[in-house]
Amino acid sequence: MKRTDYCGNINESFIGKDVIVKGWVHKLRDIGNLIFIDLRDREGIVQIVVENDFKNFEDIKKIRTEFVIEVTGKVREREKINPELKTGKIEIVAKEINVLNTAEELPFFPSEKKDISEEVRLKYRYIDLRKDRLKKNMALRHKVVLNIRNFLNDNGFYEIETPVLIKSTPEGARDFLVPSRLHPGKFYALPQSPQLYKQILMISGFDKYFQIARCFRDEDLRADRQPEFSQIDIEMSFVEEDDVLTLSENMLSSAFKTIGQNVSTPFLRLTYEEAINRFGSDKPDLRIKEEIEDFTEFFKDSSINFLKDIIKEGGVVKGIRFNNAKSFSRKVIDSINQDLRNLGGKGAFWIRSLNGELKSSLKFSENEINSFQNKTSIEENQIYFLIAGKLKEIAQQLDFLRRKFGEKEEGFNFLWVTDFPLFEEDEDGNLTSSHHPFTSPKYEDIDKLENEPLKVRSNAYDIVLNGYEIGGGSIRIHDFKLQQRIFKLLRISEEEIEKKFGFFIKALKSGTPPHGGIAFGLDRLIMIMAGENSIRDVIAFPKTTSGMDLMSETPSSVSKEQLDELKIKII
C-alpha cells in the first residue's frame, strides 16, 4: 500500500484523516490494555496507539524493536503533548499493522542513550545511521551541497567532472596507485586534487568551473582527515585574488542560511605574518579573545641573562594574558610546561597579580616587575605566560596556550589568511612550495625569487573557520617563463618536469588566461556546521584512523588470479 507521508511529517493537518505510514519500530510500550509504538523513518517519529479491541492485539505484542512495519490508522489529537517530538501533538490510532520484516538481536539500538564505542558503531554503520543525530547530519550535508550547487550555477559556473584515474605526480602526501591490467607494470593514481585538470579547463576556455570532487590521499589520519574525502573545487579565469575571496564569502553566506545562520561579509583578512604574530597560528580560532603580546623590546635589557641572549640571537619574547590566575596552581603550571616540552619547547615563565602582589617564576628585579605592571596594566587575578625563542619555534606553543586556556565565545568566526610565503625550506635546506608549484608569487616580490626566495610572498589564501582551515587556494601561474623559474628554484629537472607535468606544460604554452581558484573541504565544513568533533560523523561510510572500513572489512586480500592478471606479486 502506498505511504501517505513520512512519519515525521504527520501533523495537526492530518487530524481526522486515515493515513498509511511505514518505518522502523523505535520503541514499543505494552501497558496492558494499550500498546504504544514509536514508529521511526527518515523524517522523525510518530506515536502509534494500538487499542485492546484491535483484531490482532496479542500478535502486536510480539513485535520487537527495529522490526519494519506498515501501519494504517486515523490521526487524532494527543491528550498529553510531547514537546520533544515535532509530531508530539498528534498520534495515530492503528486500524491495521503489517510486519514487513523482522530484525534479529542487534549489538545496539538507535534509541539507546548510552555511549557505544566507535569501533562497534562503524562495524554496524547501517544501524548507527538510523540515529537521529546522524540522519540530521546527512540531511544537512545534502542541503548544503544543493545550496552550493545552486549558488554556483546562478553565478555562471559549469559543473564539470574530471578524471579519477590520473597520472601519479606526488607532491607531498602519497598517491593511491591503481595497477593497469592492459598496461602491465604501469599505474594510474587516484587524484589528491583535480588541480591540473581544473587549470586545463581554464586554458580550454570554460571560464568558471566547479565540482564536488572526490579526492584521495594515502596519509596518516586524524579526527578531521580521511583517506578519501570530498572538496568543493572552484576555478575562475580573468580574476584577481579579491574576486575569488568575495565569491567564496557570498557562497558560504548562502550555505549557512541552511542552518539559520546569517553570516556577515566581508570576512576579516590577515596576512600570514600578522596571524602568526597575533595568534601563533595560520589558522587561529578567533572566537578566543586573547591575543599574543610582544615583549621583545621590553626584555632586551633584562636582568635575566638567558632572555637577553635569546633576543641578541634574533629571538623574541611573547606572552598571553589570562584571567583567573588562582586556577593556575603549581600542578597546573607543571603540566603546562610538560605540554610545551612535548611540543619541542623548554617551557614558559609566568608573571601574575594575586592578592595585591605581582610575582614571577623568574627572579626579576623589583624595578622590572614594576615596569611590567606599568606596561601591561595587569589586573588582580590575571597571569601572563611568556615564552622566549625563535618565533618559528615558539608560535605553536603560544597557539597551544591560547587554545587551551583562552575564553571562547560561541558562534562561527571566519578569517582569511593571505600572503603566505611562496617557499619553505625542508630539513636539508632545499626550497619546497608552501602550497603547490603552480601558485603565483606576489608581483612586487618577483625580483626576489633568485636572491631572497624565502622573502617572496605568494598569491595564496586560506579560509579559516573556528580554528579549522576549511579551504585554500591561489592565483595560479599563467606565464610559462615564470613557471620555469619556479621549477628551477625547486630543483625540478627538465626530465622530471616532462615526466610529471609534460601534458600540462604543453597546455600552458597554448594561450593561458590569468586564473585562480579555491577548494573547500566539504567534510570539515559540514562537521563544523553540525557541531561535531569528527568528520566521521558527517560521512555516511567513513574509515577509521587506521584507514579501515570495519563494516565491509576493507582493505582486504585479493585472489592470486587477480594479482596474476595484473602481473603483480606480493613480496
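Anything mentioned here points back to the structure above.
Model, not experiment: these values are computed from the prediction. (Residues numbered from 1 in each chain as written. Predicted model: local features only at pLDDT ≥ 70, side-chain atom pairs only at ≥ 80, totals over all residues. Heavy atoms only, no water.)

Peer 1: Where do I start with the sheet that holds strand β10 (residues 228–237) in this structure?
Peer 2: One key point about sheets: their strands pair by backbone hydrogen bonds, in either a parallel or an antiparallel sense. Strand order across the open sheet formed by 8 strands is β6-β9-β10-β22-β21-β20-β17-β11, with mixed pairing between neighbours. Looking at which strands have only one partner, the edges of the open sheet turn out to be β6 (158–159) and β11 (268–271). Inspection of the sheet shows strand β20 (residues 460–465) paired to strand β21 (residues 468–475) by 6 bridges, in the antiparallel sense. Looking across to β21, one finds that D462 is bridged to G472. (Pairing = 2+ DSSP bridges. Helix = DSSP H or I, 4+ residues; strand = E, 2+ residues; numbered from the N terminus.)

Peer 1: It is not clear to me how the environment of I148 should be interpreted in this structure. Could you clarify?
Peer 2: Assignment of secondary structure puts I148 in helix α4 (residues 132–154). The class for I148 is buried, based on a relative accessible area of 0%. C-alpha of I148 to C-alpha of V93: the two residues are 55 residues apart in sequence and 42 Å apart in space. (Buried < 20%, exposed > 50% of the residue type's maximum accessible area, 1.4 Å probe, protein only.)

Peer 1: Just checking my understanding: could you explain unusual backbone geometry for this structure?
Peer 2: Trans peptide bonds make up most of the peptide bonds, and negative phi angles are found at most residues other than glycine. With an omega dihedral of 0°, the bond running from T265 to P266 counts as a cis peptide bond. For P266, the position within the fold is in the loop between α6 (241–256) and β11. A cis amide bond, omega 5°, links T554 with the succeeding residue P555. Its location among the elements puts P555 in the loop between α15 (522–530) and α16 (560–565). Phi is positive for F238, which is not a glycine, with a value near 55°. By secondary structure assignment, the location of F238 is in the loop between β10 and α6.

Peer 1: It is not clear to me how the nonpolar core should be interpreted in this structure. Could you clarify?
Peer 2: With 40 residues, the main nonpolar core has L152, I234 and F414 as its most contacted residues. The element that contributes the greatest number of residues to this core is α6, accounting for 7 residues. Sequence-distant contacts of F414, that is, excluding residues within four places in its chain, are made with L252, F256, V263, F267, L268, L286, I463, V464, L465 and I470. With 24 residues, the next largest nonpolar core counts V21, L39, V75 and I90 among its residues. (Core = buried A, V, L, I, M, F, W, Y, C linked by side-chain atoms within 4.5 Å. Contact = heavy atoms within 4.5 Å.)

Peer 1: It is not clear to me how the packing of α4 against α15 should be interpreted in this structure. Could you clarify?
Peer 2: The description of two helices packed together rests on the angle between their axes and the distance between the axes. The interhelical angle for the contact between α4 and α15, taken along N-to-C directions, is 120°, at an axis separation of 10 Å. Here α15 runs oblique to α4, going by the angle between their axes. Handedness of the crossing formed by α4 with α15: right-handed. Contact residues: N137, L140, R141, V144 and V145 in α4; L522, D523, I526, M529 and A530 in α15. Here the contact of α4 with α15 is built from residues that sort into 7 nonpolar, 1 polar and 2 charged. (Axes fitted to C-alpha atoms, helices over the stretch in contact; angles between N-to-C directions. Parallel < 35°, antiparallel > 145°, perpendicular 65-115°, else oblique. Left-handed = near helix turned anticlockwise from the far one by under 90°. Nonpolar A, V, L, I, M, F, W, Y, C, P; charged D, E, K, R; others polar.)

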